[in-house]
Protein chains: 4
Amino acid sequence: MILITGASSGLGAALAKTYAQDKHTLTLTGRHDERLHEVAQACQPANICTLTADLSDPKAVTRLFDQLPATPETIIFCTGSGYFGNLEKQEPDAIAQLMHNNLLSAAYFLREAVIRYRNTPLNMVMVMSTAAQTAKAGESTYCAVKWGVRGLMESVRLELKDKPMNLVGVYPGGMATEFWATSGKTMDLSGFMTADETATMLKQALQNAKHGYISDITINRY
Amino acid sequence: MILITGASSGLGAALAKTYAQDKHTLTLTGRHDERLHEVAQACQPANICTLTADLSDPKAVTRLFDQLPATPETIIFCTGSGYFGNLEKQEPDAIAQLMHNNLLSAAYFLREAVIRYRNTPLNMVMVMSTAAQTAKAGESTYCAVKWGVRGLMESVRLELKDKPMNLVGVYPGGMATEFWATSGKTMDLSGFMTADETATMLKQALQNAKHGYISDITINRY
Amino acid sequence: MILITGASSGLGAALAKTYAQDKHTLTLTGRHDERLHEVAQACQPANICTLTADLSDPKAVTRLFDQLPATPETIIFCTGSGYFGNLEKQEPDAIAQLMHNNLLSAAYFLREAVIRYRNTPLNMVMVMSTAAQTAKAGESTYCAVKWGVRGLMESVRLELKDKPMNLVGVYPGGMATEFWATSGKTMDLSGFMTADETATMLKQALQNAKHGYISDITINRY
Amino acid sequence: MILITGASSGLGAALAKTYAQDKHTLTLTGRHDERLHEVAQACQPANICTLTADLSDPKAVTRLFDQLPATPETIIFCTGSGYFGNLEKQEPDAIAQLMHNNLLSAAYFLREAVIRYRNTPLNMVMVMSTAAQTAKAGESTYCAVKWGVRGLMESVRLELKDKPMNLVGVYPGGMATEFWATSGKTMDLSGFMTADETATMLKQALQNAKHGYISDITINRY
């Protein structure tokens, strides 16, 4: 079973559809019940389970893991939201929301996954952004939370050094998703990658061999 | 005037005392009213103003800047708290607290400083930690928030490129402060730097010349 | 046509064999004439051309590109050698050799590729090492040359920003190849990845879509 | 005694003059005999010794250390040269020269210093450039060698972990020195830092305390 978070839209939804085509058994989670069901609908006839959850609530995270129908062989964490603009133009409440949606949810989710599965052979894929690798004007708080998730992941990697649970870091740049519509930034998205093409490349790039695996992937637009 | 945050303990308190010895006019802020007054007491007879504030509350941040007796020529942001241990042993509430104390407070504070002073020649010193530069086992959420502050600062630097307000990044490692007592990590602190020696080195290293300035400083124990 | 450098051994040779199985037309280059022919032999019956060249000689690099039977759609730079041990135990001549084999050859090769192909849609894959991403005791000069290749590649990326030539960074860690036998480091290689499994994963991970591509890949052993 | 390399011009010469004013005993080395003597002249009446040496020649490096009049308490490595322009416009010979002048000389020098002084309390200051911290278009090979020196230094730091010899990384950006005149890049230097102001700031920032020291310093122009 593959567990995908943030599956109600964007890259998470596109990954769900791509994996469904290969007849994978999927568990999808996201904050938006209705949209999550639409995505599940589009994944038919694959074997799909949906579990609505707000990952910035630690009790919801525990409940989600309690309700999983099976131990996942792969978990893809795609949860996140965007908020942009120069720092002096940003609103405190929206900054707090951004941190909860991206960094706090990543910490709660990864913590619960490590508690339950650190002794299980499993790929835990953390989807971040190229904003986790570089500083960007107009994206200071977004870079803050994405650098934060990366610092979290790289540190937990050290904690899991001799464990069979593997952390995979994924850094996609410039995708054309509904993400931007609500992000406070006006962009020409015509040259951006679609979520579908990103999902297709990512699925193929995620690989394990006998002695090793693809541990980090950056995906960029031309 | 020099504004120091996180001045009620640790490096912030030590910086206050060091600058007070040079007869600088200081404004000190921190969460702990009583401890802040003790620090101010120890800074006598320098010209000191104390303003208690919880920087993870955006209204308190606005109020703090409203109450400043003058425009600071230097601001030293020393606010922060520690929380350690392997991720699976950490408590969700304490993780949220850590993010609020370190990352959210940095974003709120820096935002307000940029709103008010981005067109003013001023050094805005962000004190982080060597945990902002590297991953560390047993410090995953602490690294997360410190990497986050660094991503924030590096991005805001780009936004302030042609402005007279300068951001200075400071990365101290291994200090022996009361920080550790409440952090959930047992340490032998005998080889650690004291807050006083770190403050003394930092004060001397922070410099401006006609065409440039010390923009980043890392301080390590032997 | 796919051009692979460093193809006479290790990952380069393994990539040649893997691509040959898919009936790709290949041009293989390496310093060792005899070993290069053995690799070409093992790639039969694919369409293979071999061109012996020492890429640390700029004239040999020019000659190599002059002799290419066609414009490559993909170039995989796998050239390199290893040399290890604490710095005080290393020999000056071997350090110079290491820089020539790894960094100078990368600069000469990339320069010639950029001169000829910067206006051609083409993937230029630079295979480095996880030693390009982190510092390692006992590998100081090896890290030096690999960090150097990375700095070169990241800078040339900026120069090629609006060009159809794409640079792809590849960072494999811990492979069991003859590389180690001559490197001055004694290692237990039993848990290391084989060159073949690394090549298989890398070939599958290298992908282009309409608006973007996999730009960076790290491959690690468990 | 303080040993300064690259002392015949630029930051090295400026550091020599600044330390001479404080009556430090100095040993200056550089490639250019005549210019080195001019610098020594300008440092009078301080106690100065000059030793001409080309650090990209390992025998010259050994000879230099053999001739030192005393064990230095601080060594400042300022050796280097610049070469700029887009990669396709650079000449192979000049690229090789750049690597020898910057990276190979750093490796030979640091190796000899580690052999002799790793058990001596001593600050070994490696002056690099902001080009060691970021990629820059038009500076690909210069970034390559500076990233290389940084990878070298960070790795040797790990090798010296329990030793009294400390490595200090210094990253100055945008100085107005004769460096640029011969570098192939035309620049408006009016807003750049002078070597003198950089040297003055650096001297004051380099500090040791009982339990720690300033380990890394970045100096930027406004």
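Use the structure listed above.
Quick caveat: nothing in here was measured; it's all calculated off a predicted structure.

**Q** It is not clear to me how unusual backbone geometry should be interpreted in this structure. Could you clarify?
**A** Residue and element names in this part refer to chain A. The step from Gln44 to Pro45 runs through a cis peptide bond, and the omega angle for that step is 0 degrees. Relative to the assigned elements, Pro45 resides in the loop between α2 (33-42) and β3 (48-52). The phi angle at Lys23 is positive, at roughly 65 degrees, despite the residue not being glycine. Position of Lys23 among the secondary structure elements: in the loop between α1 (10-21) and β2 (26-30). On the accessibility criterion, Lys23 (67% relative accessible area) is exposed.

**Q** What's the story with the environment of Ala70 of chain D in this structure? I'm lost.
**A** Residues and elements named next belong to chain D. Along the chain, the position of Ala70 falls in the loop between α3 (58-67) and β4 (74-77). Taking C-alpha positions, Ala70 is 9.3 Å from Thr27, a pair spaced 43 residues apart along the chain. With residues near it in sequence (within four places) discarded, Ala70 still touches Met1 and Tyr117.

**Q** Can you help me understand the relation of the copies chain D and chain C in this one?
**A** For the pair of chain copies, the relating operation is a rotation around an axis with a shift along it. Superposition of chain D onto chain C requires a rotation of 180 degrees combined with a translation of 0.0 Å along the rotation axis, giving an RMSD of 0.0 Å. Classification of the inter-copy transformation places it as that of a two-fold axis. Among all residues of chain D, the one whose C-alpha sits closest to the rotation axis is Gly148 of chain D, at a distance of 2.1 Å. Mapped onto chain C, 100% of the interface residues of chain D again fall at the interface, so both copies present the same surface.

**Q** Help me out: how do you make sense of the relation of the copies chain D and chain B in this one?
**A** Placing chain D over chain B gives an RMSD of 0.0 Å and needs a rotation angle of 180 degrees, together with 0.0 Å of translation along the axis. Looking at chain D, 100% of its interface residues are interface residues in chain B too, so the copies touch through the same face.

**Q** What's the story with the pattern of salt bridges in this structure? I'm lost.
**A** Pairing is possible between side chains of opposite charge, provided their charged atoms come close. All names here are of chain D. Across all of its chains, the model carries 32 salt bridges over all chains by this definition. The shortest N-O distance in the salt bridge between Arg157 and Glu154 comes to 3.3 Å. Pair noted here: Arg157 and Glu154 are both in helix α5 (residues 140-159), with a separation of three residues, about one helical turn. Glu154 sits in the buried class, given a relative accessible area of 18%.

**Q** Looking at this structure, how should I read the interface of chain D and chain B?
**A** Contacts between chain D and chain B engage 26 residues on the former and 26 residues on the latter. Roughly 2400 Å² is buried in total at the junction of chain D and chain B, and carbon and sulfur atoms are behind 51% of that figure. There are 23 residue pairs in polar contact (both at pLDDT 80 or more) connecting chain D and chain B. For the side of chain D that touches chain B, the secondary structure elements donating two or more residues are α6 (195-205) and β9 (212-221) of chain D. Looking at which element gives the most residues to the side of chain D that touches chain B, the answer is β9 of chain D, with ten residues. Per-class residue counts for the side of chain D that touches chain B are ten nonpolar, twelve polar and four charged. Across nine bridges, the pairing between strand β9 (residues 212-221) of chain B and β9 of chain D is antiparallel.

**Q** Looking at this structure, I do not really get the side chain of Ser155 of chain B. What am I missing?
**A** Counting through the fold element by element, Ser155 of chain B comes out in helix α5 (residues 140-159). Side-chain polar atoms of Ser155 of chain B contact the backbone nitrogen of Lys136 of chain A, separated by 3.2 Å.

**Q** What exactly am I supposed to notice about the packing of helix α1 (residues 10-21) of chain B against helix α6 (residues 195-205) of chain B here?
**A** To describe two helices that pack against each other, one gives the angle between their axes and the distance between the axes. All names here are of chain B. α6 packs onto α1 with a crossing angle of 60 degrees between their chain directions and a minimal axis gap of 8 Å. In terms of orientation, α1 lies oblique with respect to α6. Judged by the twist between their axes, the crossing of α1 over α6 is right-handed. Residues Gly10, Leu11, Ala14, Leu15, Thr18 and Tyr19 of α1 pack against Ala195, Asp196, Thr198, Ala199, Thr200, Leu202 and Lys203 of α6. Split into classes, the residues belonging to the contact of α1 with α6 amount to seven nonpolar, four polar and two charged.

**Q** I'm lost on helix α4 (residues 92-117) of chain B in this one. Help?
**A** Because an α-helix packs 3.6 residues into every turn, residues spaced three or four apart end up facing the same way. Residues and elements named next belong to chain B. With 26 residues, α4 should cover 38 Å at 1.5 Å per step; its first-to-last C-alpha distance of 36 Å lies within 8% of that length. In the structure, α4 departs most strongly from a straight axis at His100, where the bend amounts to approximately 35 degrees. Burial analysis of α4 places 20 of its 26 residues in the buried class, the great majority of the element.

**Q** In this structure, what is going on with the interface of chain D and chain C? I would like to understand it.
**A** Put simply, an interface is often sized by how much accessible area is lost when its parts join up. Listed per partner, the contact involves 39 residues of chain D and 39 residues of chain C. For the pair chain D and chain C, the summed buried area comes to about 3200 Å², and 72% of that belongs to carbon and sulfur atoms. Applying the counting criterion to the chain D and chain C interface returns two salt bridges. Where Arg118 of chain C meets Glu88 of chain D, a salt bridge forms, and the shortest distance between an N and an O atom there is 3.6 Å. At the boundary of chain D and chain C, one finds eleven residue pairs in polar contact (both at pLDDT 80 or more). Elements with a contribution of two residues or more to the side of chain D that touches chain C: α4 (92-117) and α5 of chain D. In terms of residue class, the side of chain D that touches chain C is built from 21 nonpolar, ten polar and eight charged.

**Q** Please explain the packing of aromatic side chains as it appears in this structure.
**A** Aromatic ring pairs are reported here in terms of the distance separating the ring centres and the angle at which the planes meet. Within the structure shown, the criterion is met by 20 aromatic pairs over all chains. For the ring pair Phe65 of chain A and Phe109 of chain A, a centre distance of 5.0 Å and an interplane angle of 50 degrees mean the geometry is tilted. Of this pair, Phe65 of chain A sits in helix α3 (residues 58-67) while Phe109 of chain A sits in helix α4 (residues 92-117), and the two are 44 residues apart along the sequence. Side by side, Phe65 of chain A and Phe109 of chain A carry an identical accessibility label, which is buried. Members of the aromatic cluster, connected to one another through ring pairs, are Phe65, Phe77, Phe109 and Tyr117 of chain A. Here the guanidinium or amino end of Lys203 of chain A rests over the ring plane of Tyr19 of chain A, the centre of that ring lying 5.6 Å away. The ring of Phe192 of chain B has Arg221 of chain B sitting right over it, with the charged end atom 4.1 Å from the ring centre.

**Q** I keep staring at the arrangement of the chains and nothing clicks. Help me out?
**A** Of all C-alpha pairs spanning chain B and chain C, none lies closer than 10 Å, and the two are not in contact. Chain D makes no contact with chain A, the minimum C-alpha separation between the two being 10 Å.

**Q** Help me understand the side chain of Arg111 of chain B, please; the structure alone is not making it clear to me.
**A** Structurally, Arg111 of chain B is set in helix α4. Given a relative accessible area of 11%, Arg111 of chain B falls into the buried group. Sequence-distant contacts of Arg111 of chain B, defined by excluding residues within four places in its chain, comprise Leu87, Glu88, Gln90, Pro92 and Ile95 of chain A.

**Q** Looking at this model, I keep getting lost on the pairing of strand β5 (residues 122-127) of chain C. Mind explaining?
**A** The two faces of the sheet receive side chains in turn, since in a regular strand these alternate between them. All names here are of chain C. With six of six residues buried, β5 lies mostly within the body of the structure. Across the two faces of β5 the burial is the same, with Leu122, Met124 and Met126 and Asn123, Val125 and Val127 all buried. In terms of strand pairing, strand β4 (residues 74-77) meets β5 through four bridges, oriented parallel. From the neighbouring strand, Phe77 faces β5, where its bridge partner is Met126. With helix α4 (residues 92-117) bridging β4 and the parallel β5, this β-α-β connection has right-handed handedness. Pairing of β5 with strand β6 (residues 165-172) involves six bridges; the strand directions are parallel. Paired with Val127 across the two strands is Val170, which belongs to β6. Taking the sense of rotation as the criterion, the β-α-β connection linking β5, helix α5 (residues 140-159) and β6 turns out right-handed.

**Q** Please explain the layout of surface pockets as it appears in this structure.
**A** It is a probe the size of a water molecule, rolled over the atoms, that shows where empty space is left. Approximately 240 Å³ is the volume attributed to the second largest pocket. For the lining of the second largest pocket, the secondary structure elements donating two or more residues are β5 (122-127) and β9 of chain B.

Conventions adopted
- Residues numbered from 1 in each chain as written.
- Chains lettered and ligands numbered in written order.
- Predicted model: local features only at pLDDT ≥ 70, side-chain atom pairs only at ≥ 80, totals over all residues.
- Heavy atoms only, no water.
- Helix = DSSP H or I, 4+ residues; strand = E, 2+ residues; numbered from the N terminus.
- Buried < 20%, exposed > 50% of the residue type's maximum accessible area, 1.4 Å probe, protein only.
- Contact = heavy atoms within 4.5 Å.
- Least-squares fit on C-alpha atoms with pLDDT ≥ 70 in both.
- Salt bridge = Lys/Arg side-chain N within 4 Å of Asp/Glu carboxyl O.
- Buried area = accessible area lost by both parts, 1.4 Å probe.
- Polar contact = N/O pair within 3.5 Å; in protein donor to acceptor, adjacent residues only side chain to side chain.
- Nonpolar A, V, L, I, M, F, W, Y, C, P; charged D, E, K, R; others polar.
- Pairing = 2+ DSSP bridges.
- Axes fitted to C-alpha atoms, helices over the stretch in contact; angles between N-to-C directions.
- Parallel < 35°, antiparallel > 145°, perpendicular 65-115°, else oblique.
- Left-handed = near helix turned anticlockwise from the far one by under 90°.
- Expected span 1.5 Å × (residues − 1).
- Bend = angle between axes of the 7 residues up to and from the residue.
- Phe/Tyr/Trp six-rings, centres within 6.5 Å; stacked < 30°, edge-to-face > 60°.
- Lys NZ or Arg CZ within 6 Å of the ring centre and 35° of its normal.
- Right-handed = clockwise from strand over helix to strand, strands pointing away.
- 1 Å grid on protein atoms, 1.4 Å probe; cavity = no way out; pocket = protein on both sides within 12 Å on 5 of 7 lines; lining within 4 Å.
- Points joined across faces, edges and corners; volume = space filled by probe spheres on them.

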